Every structure is written in C-alpha cells, then in structure tokens.
Amino acid sequence: MDNPLCRLAYDFSPTTTWFSPQYTINLAGDSAIEKAVVTQVASYGKQLGKITQAVLEQAEGEPGNAVASLRKMADDINTIKQHTLADKIEADLKRLKQQDNVAYQALIKRL
C-alpha cells in the first residue's frame, strides 16, 4: 500500500549549532547526491533491505527478483550521480565565466 507519509524526506544531517560558526558534518559523501537518492530512489532502510534480500537470494541459491531490483536501484543511483555531476560542472563553468572570462575561454579551448 502506498502511504504518503513514507515519501516524506527529513534532513538527518549531523549539523550542530553549539559553536559558532556552524559546522555541518557529511559522513556519507556528496550531500546533494545523498538527498536526491534518498528522496527519489530509496531510503537508507529500503536500500539496505534490497541489499539484504539480494545477498540472501544468492546465499540460498534461490533466484528471485531481489538481485534485479538491486541492479535497477544501482542504475537509478548512477543516473542521479551523473545528472548531479553535470549540474555542478555547468554551475562551475558559469561561475568561472562570470568571475574570470579569460580563464573560462582557456579552459573551453583545452576541452
């Protein structure tokens, strides 16, 4: 059953405001990618569940849908990573062009 409450996204980033300036600790890698994966593909619990099911299928020698589901999830995550990387590169290039057009033009020629 599709429960709308299961689609809620919460920010569990370990951020502390005890000290000034504020520090954000990102233990999982790129926070933009992590947020997109959790909100668009699967929560951490669902990811772990799919991995567990796939490993159990393999260990028990009973083929099922878990490995295919895990592969689909991995493909979806890779797609998000690629889009996120492209978005970052585009934003960085725009910023470089605005801040240092000569360096931007030199980079474009090198590419």
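Bear in mind that the values here come from a model prediction, so they are computed numbers and not experimental data.

Chemist: Before we go on, may I ask you to explain the overall build of the protein in this structure?
Modeler: A tally of regular secondary structure across the protein gives four helices and two strands. Along its sequence from the N terminus, the protein presents helices and strands in the succession β-β-α-α-α-α. If you sum the accessible surface of the protein, you get close to 9,300 Å²; carbon and sulfur atoms cover 57% of it.

Chemist: I keep staring at helix H1 (residues 31-40) and nothing clicks. Help me out?
Modeler: An α-helix turns once every 3.6 residues. As a result, residues three or four positions apart point the same way. When H1 is considered as a whole, its buried residues turn out to be Ile-33, Ala-36 and Val-37. Down the axis, H1 shows its buried residues gathered within 100° of arc, on one side only. Tucked inside the fold, the buried residues of H1 contact helix H2 (44-60) and helix H3 (66-99). Here H1 starts with a cap whose side-chain oxygen sits 2.9 Å from the backbone nitrogen of Ala-32, and that cap is Asp-30.

Chemist: Even after reading the chapter, I still don't get H3, so can you show me in this structure?
Modeler: The terminal C-alpha atoms of H3 lie 49 Å apart, and with 34 residues this matches the ideal 50 Å at 1.5 Å per residue to within 8%. Along H3, the residues that are buried comprise Ala-66, Val-67, Met-73, Ile-77, Ile-80 and Thr-84. Against the buried residues of H3 lie H1 and H2.

Chemist: What is the right way to look at the packing of H1 against H3 in this model?
Modeler: Pairs of packed helices are described in terms of their axes, by the angle between the two and the distance that separates them. Following both chains from N to C, one finds H1 and H3 inclined at 140°, their axes separated by 10 Å at the closest point. In this view, H1 runs oblique relative to H3, as classed from their interaxial angle. The interaxial crossing formed by H1 with H3 has right-handed handedness. Residues Ala-32, Ile-33, Ala-36, Val-37 and Gln-40 of H1 lie in contact with H3, whose contacting residues are Ile-77, Ile-80, Lys-81 and Thr-84. Here the residues of the contact of H1 with H3 sort into six nonpolar, two polar and one charged.

Chemist: Would you mind going over the side chain of Thr-84 with me for this structure?
Modeler: Note on placement: Thr-84 falls in helix H3. Apart from residues no more than four positions distant in its own chain, Thr-84 is found in contact with Ala-32 and Ile-33.

Chemist: Is there a simple way to think about the environment of Gln-82 in this case?
Modeler: By the secondary structure assignment, Gln-82 is in helix H3. Residue classification places Gln-82 among the partly exposed residues on the basis of a relative accessible area of 47%.

Chemist: How should I be thinking about the pattern of salt bridges in this particular structure?
Modeler: Think of it this way: side chains of opposite charge can pair up when their charged atoms draw near. Enumeration over the complete set of coordinates arrives at four salt bridges. Put simply, Lys-94 and Glu-90 hold a salt bridge, and the shortest N to O gap is 3.4 Å. Placement of the pair is Lys-94 and Glu-90 together in helix H3, with a separation of four residues, close to one helical turn. Judged by its relative accessible area of 42%, Glu-90 falls in the partly exposed class. Here Asp-92 ties to Arg-95 by a salt bridge, and the two come within 2.4 Å at their closest N and O atoms. Here Asp-92 pairs with Arg-95, and both are found in helix H3, just three residues apart, close to one helical turn. For Arg-95, a relative accessible area of 42% translates into the label partly exposed.

Definitions and cut-offs
- Residues numbered from 1 in each chain as written.
- Predicted model: local features only at pLDDT ≥ 70, side-chain atom pairs only at ≥ 80, totals over all residues.
- Heavy atoms only, no water.
- Helix = DSSP H or I, 4+ residues; strand = E, 2+ residues; numbered from the N terminus.
- Areas by Shrake-Rupley, 256 points an atom, 1.4 Å probe, with all protein chains shown as cover.
- Buried < 20%, exposed > 50% of the residue type's maximum accessible area, 1.4 Å probe, protein only.
- Arc of directions from axis to C-beta.
- Contact = heavy atoms within 4.5 Å.
- Polar contact = N/O pair within 3.5 Å; in protein donor to acceptor, adjacent residues only side chain to side chain.
- Expected span 1.5 Å × (residues − 1).
- Axes fitted to C-alpha atoms, helices over the stretch in contact; angles between N-to-C directions.
- Parallel < 35°, antiparallel > 145°, perpendicular 65-115°, else oblique.
- Left-handed = near helix turned anticlockwise from the far one by under 90°.
- Nonpolar A, V, L, I, M, F, W, Y, C, P; charged D, E, K, R; others polar.
- Salt bridge = Lys/Arg side-chain N within 4 Å of Asp/Glu carboxyl O.

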